[in-house]
Structures are given as C-alpha cells and as structure tokens.
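# Observations on chain architecture
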Amino acid sequence: MTRAETIPTTPTRERPETPVSTPGRVGESTTRADGVPKVTGEFEYSSDLWMDGMLYGATLRSPHPHANIWSVDTSEAEAVPGIFAVLTHEDVPGRKVCGMEVPDQPVLAWERVRYQGEPIALVAADHPETARRALEKISVEYEVLDPITDAEEAMREDTPKLHLSGNLLRHIHVVHGDVDTAEADVVVEGEYEVGMQDQAFLGPESGLAVPDGRGGVDLYISTQWLHIDRDQVAESLGLEPDQVRLHLSGVGGAFGGREDLSMQIHSCLLALHTGRPVKMMYNREESFYGHVHRHPARMRYEHGATRDGKLVYIKARLVFDGGAYASSSNAVCLNAGTFACGPYDVPNALVDSYMLYTNNPPCGAMRGFGAVQVCFAHEAQMDKLAKALGMDPVELRIKNAIKPGDRFPFGQEVPPPAPVAELLERLKAMPMPEEEDITGRDLRRLPGGVSNVTHGEGVRRGVGYAVGYKNVGFSAGFDDYSTAKVTLSVEGGEPLVRVHTAAAEVGQGIVTLEAQIARTELGVNKIAVLPADTSIDSAGSTSASRQSYVTGAAVKAACEAVREKVFARVREEFGEDPDGLSIEDGNVVAEGHGIVVPLAELLDGEEIGELVKYRHKPTYPLDENGQGDAHVQFAFAAQRAIVEVDEELGLVRVVEVATTQDVGKAMNPQALEGQIEGGIAQGLGLALLEEIQVKEGRIQNASFTDYLLPTILDMPPVKMEILELADPDAPYGLKGVGEPPTIASTPAIVAALRDATGRELNRVPVKPEHIVGISGPTGQPPQPGSRGPAAERA
Amino acid sequence: MEFLQPATWREALEAKSAHHEAVPIFGGTDVMVEMNFDRRRPGYVLDLTRVPEIQVWERENGKFRVGAGVTYTRIITDLKNELPALAMASRTVGSPQIRNRGTVGGNLGTSSPAGDALPPLYASDAEVELASVEGIRRVPVGEFVTGPKRNVLRREELIWGFIIPEAEGPQQYAKIGTRNAMVIAVCSFGLALHPARRKVGTCIGSAAPTPVRAKEAEEFIEGVLAEGDLWETRGAISEAALRRFGEMVEMSARPISDVRGTAEYRRRAVGVLARRTLSWAWAEYRDGR
Ligand SMILES: Cc1cc2nc3c(=O)[nH]c(=O)nc-3n(C[C@H](O)[C@H](O)[C@H](O)COP(=O)(O)OP(=O)(O)OC[C@H]3O[C@@H](n4cnc5c(N)ncnc54)[C@H](O)[C@@H]3O)c2cc1C
C-alpha cells in the first residue's frame, strides 16, 4: 500500500471555532457562543469531520458475550476492492490493553471475548459501506462459552474467573461505630434494584485521525478528557506522548460515556497503518456497544432507628455489575460505599460495596457515579422508616440531616457548608402547584399524553421527597489538577485575553465560564477561549462535576498571576501602589483617582502570559475499614416530585419537580438552570423509562426506538430555589452542579409513585407492569420462531 | 442502487411491473430506517412522492377514497371530523416530523401489528385498493394484512390507497406507550360505533401477530345495546357490561412479551382501553354526537 504523498495537517472542516461569548462576568447569564449554531444545525460535531482523501474505519465486534477465539481470518476482507487495511490485535504495536483505572481491556480482542460487541478487528476503506461489507468477510472461529451474567453468581467461589485477578473487581468495606451492639426500636429492611441506564448522548462516538508523516498522529475527537485518551493512545501505539496530539472536536453530549476510549486507538492505528486520515463514526446501534453504561445494582438495606426517629444504624450490602472490563468501576464502587447511607448523621454503619466482573456490557462513569444507585435505595428506606414510625418523611430526614462538624460514615468530617436540613425545609415550604380539575383536560396534561388512554379514569396523585449528595472532583488521593494559560495582549488597539486549557466542553458551558472568569479577573471585555488540545497540560476530566471548580480555579489563578504582573509594571512605571489598583474596561484604575494607564499603552505591543497548574486540597484513600478523608467537596440537592398515575394502566405523568440545591455560587444562572433541568430529565428517565435490557449478556434494545428517553411531554416544569453558601476552599465559593440534580430526582419520583399507588416499587425504571401489580420482569417468554408484534418493528 | 422516480401513477405501475424487486418509498420513515440499519439493500427504490394521483382524497358514495400518499398531518387537518379514529390514531404517530412525512399507505405497506393507522381501518371495515398495470382490486384490510409485516400485495402491485366509510357515529383510538409521546404502541385499541347498522367495530393493535378484531366482544356489546334498546333510548351502558366488554377484548388478544412490555400487561391494558373507549364513544353518542 502506498502512502499518501501530501498530508494536509488539519481537517478541511474545522473544529468548532474559537467561541466568542457575549460579555458577561461571573454570576451573570450569558449567551452561549455555540448555542445558535447548535440549534440551527450548523455546529460542527466530530461526526461532521471531513478531510480530502480520508478513509473510513469500521469495527468488527463479537456477536457473543463470552467465547474463545480460535482464529481470525482476514484474507477475504483484505481482497475487497477499496479496502486499505484490515487489522487485528497483532497490529497493535504497543500495549495491547487499555483502561482508565486498570488496563484490562484488549484494544482488539485475542483468545477470548468477554462481552457482546467487543472489538476484534478493524478495517479502513475508501467508503463507509465498503468498510461495513468487508467486516462481513472477516471470519472468526469462536468457541462459544456460557456467559456469566449475574453479579452474585460471579462472586461465588466456584464460578469460572473472567480475569486472572478473579471476578471481584473491588470491595469497599465501611465500618462506622458498631452496628452489632446498636439497639434500635424500629427496624426496616428493603431490597432495591437499579437497571442499566445509558448516557444516550446524541452525538455518537466519532473522530478523525491524521498521520503527521513523521510517525506521529493528530486525533480530532469528542471526549471528556483529552490527556487520559492521549496517554492510552500513545501507550498502545508505542509512541511518545508528544507524538500523539489530541484536539477536541465538537462533542454531542457525554454524561460519563466518553471517559473511556471508544475508537481513539482504533482510528489512530488505521491512520498510521495506511498513512491516510481515517474517520470513524459509530451509528446509534453501535454506540450502545461502543461505550460503558451506568452500573446495574442490587442493594440490601437495614435501617434501625429510635422510636422518636433518630437513626441508630444502617447496614447496606451493595452489589454492582461492572460488566466485562474495569472502566471506572473502582471509583464507582468507592463512591457507592461512601455515600450509601445518604446525607444523614448515623452513629453506626456497616457498608459492603462489591463490584463484579461479568459478561454483561462494561459499565463505568455516568452522571451521579455510584451515588445515583444508593440514593434510590437509602431514600426508599427513609420513607419506609417514616412510615413505620408514623412520621412525616421530610421531618424524619431533617431530624437526621448531616451538618458541618458531624462525621460521614467513612470518617471524614463534614465540611461547611452542608445545608441538608435547610434544603429540606425550604423545599417543604415551596408552594405546591395548583391542582387542576381532572376532567376536561388537554390530553397532554394526563398520563399517556396524546395517546388518549385516560380522560381522568384511574388517575391518582402522589407526592415524594428525596435528598441526595455526592462528591465534586476526583477522590481518594487522585492527583486532580488542571492547567490554564492566560495571555493578555493588545490586538487592533484593544486588549484581548486568550484562555487556553484542555478542558473538554461537552455541552455544559465551561468555555463560557472560562471567559466569564477572565473578564471578571482582568477587566477586559474581549476574551478568546482557545480550542482545547494536548499542547497544554491536562485539565483533568470533564466529569465528577469538577470542571468549574478545578479548571475554573486554574483560569482564575492564571488571571490573577497576569494581573499581578500588570500591577507590578504599573508600580515600576507610575509608582502606584498595587493594593489600590484594579482593571476596568481595559484600563488600569487606581482607587480614588481614576485611570492610570490603558492596558493597550502599558503593554506596548508585548504580551503577558501565565501558565498555572491548580490543585485542590489533597484527598486520601480509604483504609481497610473504609475510613479516610476521601473526598474534597460535597454537593447536596433535595427534590419533591408530584406525579399523576393511571392506576389501571400504570402510565405516569410527572406534574412537577421542585428542587433546592446549594451551589455555593451561581456562576452562570442560566447555565445552572440548564444543568438542573437536564439532570432531572435524566433522573426521570431512570425512574420511568431508561434501561438497557440485557438478556444472557445480550442487549435487547440498542436503538432509540426501544431505549426510551424522556421527551418534552414527559418532562415537567421545574421549580427551583438556589442556595449560594460559599465553600471557603473553592473558587468564588462555587460547588459542582452537574450531578446532584440527577441523584435525587429518581427516588423523589418513585416515592411519589409509591404515595399514589401504595405499591412497593423497589426497582427502577418502574414499568407500567409494576404499577398495575403484574409481578415478574417478563410474563411469558416469546415463543421460539414466532416473531411477535412489537418485535417486528425496530 | 437505482432510484426510479415516476411522475404519474401509470408510470409508477409500469416501473413496478418492470422491476418487481423495486421497493416503493413514500415518507421513507420505515424504508430509510431499514436501509440505515443495513437490513435492506434494495437494487431499486421506487419513489412515489412525485406521483400526484395518490396524494389526494375524495368522497365516493358516502365513503372516502384516500390515496396512499396522504400524510398523517393531512389526515389530522383534513379529515378529523369525517374519520375521527384515524385522525386520533394519526395524532399518536411519532413526532411532527414523522407525521409530516409518514403515510397510511406506508403503514399498510409495512403491515406491522403495531401500525397505528391499522386499527381504525379495521374497526370501520376499510378496504385497501391495490393496483398493477393489469388493473385494480380492493381487499378488506383484515384480509390484506396476513401476518407480522406480511400482506397480500403482489410483487407487481402498488397500494393506491384505502376506502373507508365516513364515520356515522363516535369513534375512538387509544394507544399505550411507556412514554407520553413518540412511542411505538405497546398495545392499542380502536373503536367505531355504527348506529345506523347497529354495529360496533373494534380492533386490537400490537397484541397479536396482526391487528385483530375482537369479534366476540363486538357481538356481546351489540347484544347488550339491542336488548336494552340503548341505540334508541341512548341510555347508559351498565358498568358490568362495560367490564365484560373489556374482558372479552382481553380474551381476543394474543400478545407476546418483549422489550416493550409483557404479554400479561398487554392483555390487561387492551381490556382497560376497550372499556374506556367504549364508555367515551357511548357518552358522545348519548350526547347526540
Ligand atoms: C421516529 C419514528 C417514529 C415512528 N412512530 C410511529 C408510530 O408512532 N406509529 C406507527 O404506526 N408508526 C410509526 N413509525 C413508522 C412509520 O412512520 C409508519 O409506519 C409510517 O406510516 C410509514 O409511512 P411512510 O410513508 O414513511 O412509509 P415508507 O417508509 O415510505 O414505506 C413503508 C413501507 O410501505 C411500502 N410502501 C409505501 N408506499 C407504498 C405504496 N404506495 N405501495 C406499496 N408499498 C408501499 C414501502 O415499500 C415500505 O415497505 C415511526 C417511524 C419513525 C422513524
């Protein structure tokens, strides 16, 4: 195969332009630079990348959840006209495995496949259709093995091991006080289950790898964390990190699903092998196999309390299905173990959180990261306890609410602010929506919506409350830093600030926030946020609700460093005391006597640039009893859901969700509202709709026809009350806001359903079957050979 | 792949007769999904969107003759009073985009048991008009659909459209989906009262290999209405009779369990829908509508 002679260095279709946002400082709502292009369809996502002479990559995936591979024959595929490369594990020049926490996942499988959809071979062709067809010509000889599809089964001693290290991927054991001697007047027990939710980002995995002609590669990619991708790609390609340059492309949502690699190494392998740019793009179905999902969980709880409603002890046994490979399961297991008891002051607790390998789809990061599953369970338990005590469920929560100075069950002292009781009190005080007459309503305001299933028959109303919390930032000793470079210059006579970080904009608005911070700190209106890439050091992941905090702090610190230099120069040249100086509208201003010098004049053609690495307070791993200062910041949100349920049909309309949340500082109020509403929508999805159904290791509904996301008709209006209690350690006092709304909404909605129906509903998503009281996950299994009605239509 | 684009119905029939394997496409909301998923790689695609003849509806002796290319949106706007159940069903289809492109003709072509346009056609004894260069034939919709995604369309034929009597009484359509919009039916139910003929038409959707009429339930309720002189007196149907009607509809369903719902739920839900839709339609009838 000949190498392309001239290699253009950047794709002809550019990555999103450097966003220029409308003026706005910290605390103001600003218009997003990418807002209009996204709404009008002009925004360039990574799936739009295009380059002259590029090839299309495609992936051969295992149809079996568990099998030995005896041979892979690529000869027929190689002979297909238009095919430029067919690669297997033998063509991976460097490390043949990858993984964020544990490198246990083959870049391309050899000897064994452990989940349905595991990549085995790659092709590159001059047309996507040619690539797809060539995949069919690769013959793989499998010996199909029984899949291990149940986490409990995986835990048993006599179950075959999926990995050399065994099937137990992580166990977190938290001992707090002594549950054995604790005496309770009232005890409630429960078992809860959470199904496998998907991030369901709308822009499927895609990217473009461009060889640089010198052995290295540029990868244009949508991801959450450029540097962890870069490091893994370089390792597997056998290259130095600086030979692999990543550039953030337009990201169509992430929610955790882009923390792991998908086609990053694959496209680079194909590009280096063919010497041509290679684009890879999954379709919707492949996307369901191409990224990790939220961990399904089975959780057993026991709560003990005094007669007057003080928690005495909590016992929890949590079992998570990690699927075939580790992904970020370690950290999810730790999070679940530490947050298992909820934001309550409990003197005694025993928590065992287990994470297992199985042959199910790999699970990893998703918004809420371990806190979502346990919150569903601990909040159901609190309601159960309230019922057993004859107490108001909100009163019970307030009575036990954790507060600064208390200790979490994992030993860490609760840092201020931790306004759990206040959030609940305010929530309770929020006005209820007016109850609308059931008859004569527009169908869209009834369960079932336009499908016309009820005109009020069978409809009951219910109200439910929940409160949840989680950590912001990476935990347990992780070196969780971010890097920012801020450069002040004068262009066209006007001061301009360039902000450069590697923080991935995945829709949350970090690029807007970076500009707001620079504008606030440097008093300059024109801010250019440069495209994120690996030419600067890491910003860490866009996950764990951490980017505003960590990259925000890095940008703030870099701005401060630039400002100090400006002031130093002013002192040198004008003898002004820096203490009284500030920058306003591009002028250095001295307190009391106005403009000292315009920046344009002061800089005189020079630039002032500062590069800053920011680290938050250190965290520490847990000890063998699950004790330690593991987390840096905690974010809390409480929610109230009002639902209407058709008792006979099990269909639901969520009428309203009200929420209180402490955000430290509302950096950009409109973006904050977006995060809260979006988070609630995702929590509603888990409560009522969203589940990847897996049967014997196989996904049954890999499409948006059958993986149902909430629509605008399913999503209720949201009432919110925002608390801004500053965290003294965080920039501007802010708290991460991306995840907390997702955590409390699922249990609040299900609590409301229980209130309306009196049913136990201990599994999410709650299905109509469960509401009407038809037990069992499936009635009668489909008849072999008979293609049923609904199955006919995908 | 070749793309055939006839400008007239005649040309379309000729094209189909020359290329039996050609896949007709109108809204493409089923065809394109199949092609995008690579489930279908047709050698020829026969685009019918340029054929004006099938994009009209007309009255024909108290009946409506509706072309295969009339979209859901047009049915909702043009025929909501004349064909209420079909208009109600059309409102439940997909999203505005899908309703702007999708057609009843395509729904018939696909012949899915979950097709929302089908139960109203069954409940009103509609006929499907099929055509080839040789001529036309009309087939009752219940005979047209023979199984899941199977029908009696011959390889040289196209669907011209369907013929459906104008509503002579209240009609209803109700559909279960776990989501409140944009959802494929878990199960559904269509109902039409025919006061002049003293008949009640029904059809269960998505709870058997094809849409099915609940014949016994129809006969039962017709008996109740006749015995009590209810057509004449416009008196109320007893709660017990409504319940029994629902139970009999349940018994006519032959549902399966799949990712969208269990067989047991489907069965129970069609019973509830049957009872409710009958009560609504009867209430309208009593109000003189
Ligand atoms: C997002 C989405 C949501 C949907 N929601 C629903 C829903 O809620 N309810 C529902 O019932 N369906 C739904 N569908 C399926 C689809 O929209 C309907 O079946 C629609 O009626 C198809 O009409 P069409 O004109 O697009 O058909 P096309 O896709 O063009 O054709 C469908 C079939 O009919 C054949 N055909 C079309 N016209 C003729 C003709 N004149 N003669 C012979 N054969 C013909 C085609 O060859 C093909 O086999 C949905 C589809 C999508 C993509």
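Residues numbered from 1 in each chain as written. Chains lettered and ligands numbered in written order. Predicted model: local features only at pLDDT ≥ 70, side-chain atom pairs only at ≥ 80, totals over all residues. Heavy atoms only, no water.

## Brief notes about unusual backbone geometry
Residue and element names in this part refer to chain A. Using the following cut-off: Put simply, DSSP marks the helices as runs of H or I at least four residues long and the strands as runs of E at least two long, and each gets a number from the N terminus on. Relative accessibility under 20% of the residue-type maximum defines a buried residue, over 50% an exposed one, and the middle range a partly exposed one, all with a 1.4 Å probe and only protein chains included.
That bond from Pro416 to Pro417 is cis: its omega, -10°, falls within 30 degrees of zero. In this fold, Pro417 is placed in the loop between helix H10 (393–400) and helix H11 (420–429). Each neighbour pair has its own omega, and for Val764 with Pro765 the value is -5°, a cis peptide bond. Structurally, the position occupied by Pro765 is in the loop between strand E31 (763–764) and helix H17 (768–772). Non-glycine residue Ser545 carries a positive phi angle of around 50°. Judged by relative accessible area, Ser545 falls into the buried class, the value being 15%. Although it is not a glycine, Asp585 sits at a positive phi angle of roughly 50°. Tracing the backbone shows Asp585 in the loop between strand E22 (581–584) and strand E23 (587–590).

## Overview of the side chain of Arg213(B)
Residues and elements named next belong to chain B. Using the following cut-off: Whenever a nitrogen or oxygen atom comes within 3.5 Å of another N or O atom, the pair is scored as a polar contact, on the condition that within protein one atom can donate a hydrogen and the other can accept it, and that pairs from neighbouring residues in sequence are kept only if both atoms are in side chains. The contact rule is simple, with two residues in contact once any of their heavy atoms fall within 4.5 Å.
With respect to the secondary-structure elements, Arg213 resides in the loop between strand E13 (199–205) and helix H9 (215–227). In terms of polar contacts, Arg213 uses its side chain to reach the side chain of Asp125, at 2.5 Å. Polar side-chain contacts of Arg213 include one of 3.0 Å to the side chain of Glu218. In this view, Arg213 contacts Tyr122, Ala123, Asp125, Val200, Gly201, Thr202, Cys203 and Glu218; residues no more than four positions away in its chain are not counted.

## Examining the pairing of strand E2 (residues 67–73) of chain A
Residue and element names in this part refer to chain A. Put simply, the rule reads: Any two strands are treated as partners once DSSP identifies two or more bridges connecting them.
Looking at chain direction, E2 and strand E6 (residues 112–113) are connected through 2 bridges and run antiparallel. What sits directly across from Ala67, in E6, is Val113. Pairing of E2 with strand E8 (residues 139–144) involves 6 bridges; the strand directions are antiparallel. The residue bridging Ser71 from the neighbouring strand is Glu141, located in E8.

## Things to note about the domain arrangement of chain B
Residues and elements named next belong to chain B. As a reminder of what qualifies: How far each domain reaches was decided by an automatic or database domain assignment. Put simply, buried area is how much 1.4 Å-probe accessible surface two parts lose in total, over both of them, once they are put together. We count a salt bridge whenever a side-chain nitrogen from Lys or Arg sits within 4 Å of a carboxyl oxygen from Asp or Glu.
The domain architecture assigned to chain B consists of domain 1 (2–165) and domain 2 (171–286). Here the C-alpha centre of domain 2 lies 25 Å away from the C-alpha centre of domain 1. On the domain 2 side, the residues contacting the 23 residues of domain 1 number 23 residues. For the pairing of domain 1 and domain 2, the buried interface totals around 1800 Å² over both sides, and the portion due to carbon and sulfur atoms is 61%. Between domain 1 and domain 2 we count 3 salt bridges in total. For the salt bridge of Arg213 with Asp125, the shortest nitrogen-to-oxygen distance reads 2.5 Å.

## Describing the sheet that holds E2(A)
Spatial strand order, E6-E2-E8 (chain A): 3 strands in an open sheet with antiparallel pairing. The sheet terminates laterally at E6 and E8 of chain A, the two strands that pair on one side only.

## Looking at the nonpolar core
Inclusion rule: The definition of a nonpolar core used throughout is a set of buried Ala, Val, Leu, Ile, Met, Phe, Trp, Tyr and Cys residues joined through side-chain atoms within 4.5 Å.
Ranked by internal contacts, the top residues of the largest apolar core, which has 108 residues, are Met299(A), Tyr301(A), Leu318(A), Leu688(A) and Leu753(A). No other element matches the 11 residues that helix H9 (residues 371–389) of chain A contributes to this core.

## Examining helix H15 (residues 669–688) of chain A
Keep this limit in mind: How far a helix is expected to stretch is found by multiplying one less than its residue total by 1.5 Å.
For H15(A), built from 20 residues, the straight-helix expectation of 28 Å at 1.5 Å per residue is met to within 8% by its first-to-last C-alpha distance of 28 Å. Within the sequence span of H15(A), burial applies to Leu672(A), Gln675(A), Ile676(A), Gly679(A), Ile680(A), Gln682(A), Gly683(A), Leu684(A), Gly685(A), Leu686(A), Ala687(A) and Leu688(A).

## Remarks on the interface of chain B and chain A
At the junction of the two partners, chain B supplies 53 residues and chain A supplies 52 residues. Where chain B abuts chain A, roughly 4500 Å² becomes buried across the two surfaces, and 53% of that area is made up of carbon and sulfur atoms. Three residues, Arg179(B), Asn180(B) and Arg276(B), lead the burial of chain B against chain A; their summed loss comes to 17% of the area buried on that side. Scanning the region where chain B abuts chain A turns up 7 salt bridges. With a closest N to O distance of 3.8 Å, Arg41(B) and Glu129(A) form a salt bridge. Summed over the shared surface of chain B and chain A, the result is 20 residue pairs in polar contact (both at pLDDT 80 or more). At the level of elements, helix H2 (31–36), helix H4 (84–92), strand E11 (171–176) and helix H12 (263–286) of chain B are the ones that each hand at least two residues to the side of chain B that touches chain A. It is H12(B) that contributes the most residues to the side of chain B that touches chain A, 12 residues altogether.

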